[in-house]
Amino acid sequence: MKIIADNVSVYYGKHKALEDISFDVSSGEIVSLVGPNGSGKSTMIKCMAQIHKPSKGKIYLDDRDISKISLKEVARLIGYVPQNFHYLFFSTVMETVLLGRKPHITWSISPRDLEIVQNALNDMGISDLAGKFMDQLSGGQKQKVHIARALAQEPKLFLFDEPTSNLDLKHQMEVLEITSRLAKEEGSSLIIALHDLNLAFNYSDRVVMLRGGKIFAQGKPGDVLTPENIKEVYDVDTLQIKSDYGTHIVPIKTNGRQKA
Ligand code: ADP
Ligand code: MG
């Protein structure tokens, strides 16, 4: 599914959180949103999930104005994993992931629904947690449950807001590996707000870099995540190191020394 942000601006009262944002994501494409805290990543994702309405501009899903699509249909089309999620204390992992099937269930839960839920639990490597209550899990485990819920939803568009922030290194890579593979296999689009520039570099087709609510740069990871742009946007010096395994962005402490 193609999603287009067309000149989107968002105000919170007088505060302008996003200004004239335009970009699009095609079927099967993975696009990362990067930028420092407060640059507008979550606000952008919430607009695309139809949680916020842009103050100006429009969002289109396959050329349809998203504000004209019913919430029920949006729930079938879009799998959103928020940055801060609230969970139901008294529901189990299984029940939480089953919620992902809700937009599809017409009368009662079918064996097919249960199979999809089981696959999502397996994909996230959390089948053994199925019977546990949500408040018995670690932050990282909860995050995986919410991603599994989004997978079970089988949406056309995934919106993940910092989905790996509570995970350790191995699980960060695992989650991105699996979700990007599934997105490609199913031809779903994936928009993902990421702090980790290495993950953004290595898992996305394109990167949209925000600064102060505006697009600073967008394009291929190698064109956007340059040491110059990173310095400009994050005020951090980095080295870009290439190896047989890909490109690695390494923050460096220069202590004011200039490059030799
Ligand atoms: P990011 O996800 O990149 O950290 P956000 O989209 O959360 O950025 O925030 C962008 C800007 O909008 C920030 O300046 C933030 O303080 C402000 N903001 C976010 N949510 C609200 C809100 N509900 N009310 C008022 N201001 C908000
Ligand atoms: Mg955020």
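In this report, we go over the structure that sits alongside the text. (Residues numbered from 1 in each chain as written. Chains lettered and ligands numbered in written order. Predicted model: local features only at pLDDT ≥ 70, side-chain atom pairs only at ≥ 80, totals over all residues. Heavy atoms only, no water.)

1. Side note on the coordination of the magnesium ion (ligand 2)
Protein-derived coordination of the magnesium ion (ligand 2) comes from Ser42 (OG) and Gln83 (OE1), at a distance range of 2.1 to 2.3 Å. Here the residue Ser42 occupies a position in helix H1 (residues 41–48), and Gln83 occupies one in the loop between strand E6 (78–81) and helix H3 (93–98), the gap between them amounting to 41 residues. (Donors = N, O, S within 2.8 Å, 3.2 Å for Na, K, Ca; no water. Helix = DSSP H or I, 4+ residues; strand = E, 2+ residues; numbered from the N terminus.)

2. Here's the deal with the site of ligand 1
Tyr12, His15, Ala17, Pro36, Asn37, Gly38, Ser39, Gly40, Lys41, Ser42 and Thr43 make up every residue found near ligand 1. Here an oxygen atom of ligand 1 sits 3.0 Å away from a polar atom, N or O, in the side chain of His15. In the environment of ligand 1, an oxygen atom lies 2.5 Å from a nitrogen or oxygen atom belonging to the side chain of Thr43. Out of a free accessible area of 560 Å², ligand 1 has 60% covered by protein chains. Broken down by secondary-structure element, the contributors of at least two residues to the shell around ligand 1 are strand E2 (15–25) and H1. (Near = heavy atom within 4 Å. Polar contact = N/O pair within 3.5 Å; in protein donor to acceptor, adjacent residues only side chain to side chain. Areas by Shrake-Rupley, 256 points an atom, 1.4 Å probe, with all protein chains shown as cover.)

3. Thoughts on H1
Where burial is concerned, most of H1 is hidden: 7 out of the 8 residues are buried. Every buried residue of H1 is listed here: Lys41, Ser42, Thr43, Met44, Ile45, Cys47 and Met48. Of the residues flanking the end of H1, it is Gln50, one or two places downstream, whose phi is positive at about 65°. (Buried < 20%, exposed > 50% of the residue type's maximum accessible area, 1.4 Å probe, protein only.)

4. Some thoughts on the sheet that holds strand E5 (residues 64–65)
Taken together, the 4 strands give an open sheet; going across it, the order is E2-E1-E4-E5, and neighbouring strands pair in antiparallel fashion. Only two strands of the sheet have a single neighbouring strand rather than two, namely E2 and E5. Packing of H1 onto the sheet brings it into contact with strand E1 (3–12), E2 and strand E4 (56–61), and relative to E1 it is tilted by some 120°. (Pairing = 2+ DSSP bridges. Contact = heavy atoms within 4.5 Å. Axes fitted to C-alpha atoms, helices over the stretch in contact; angles between N-to-C directions.)

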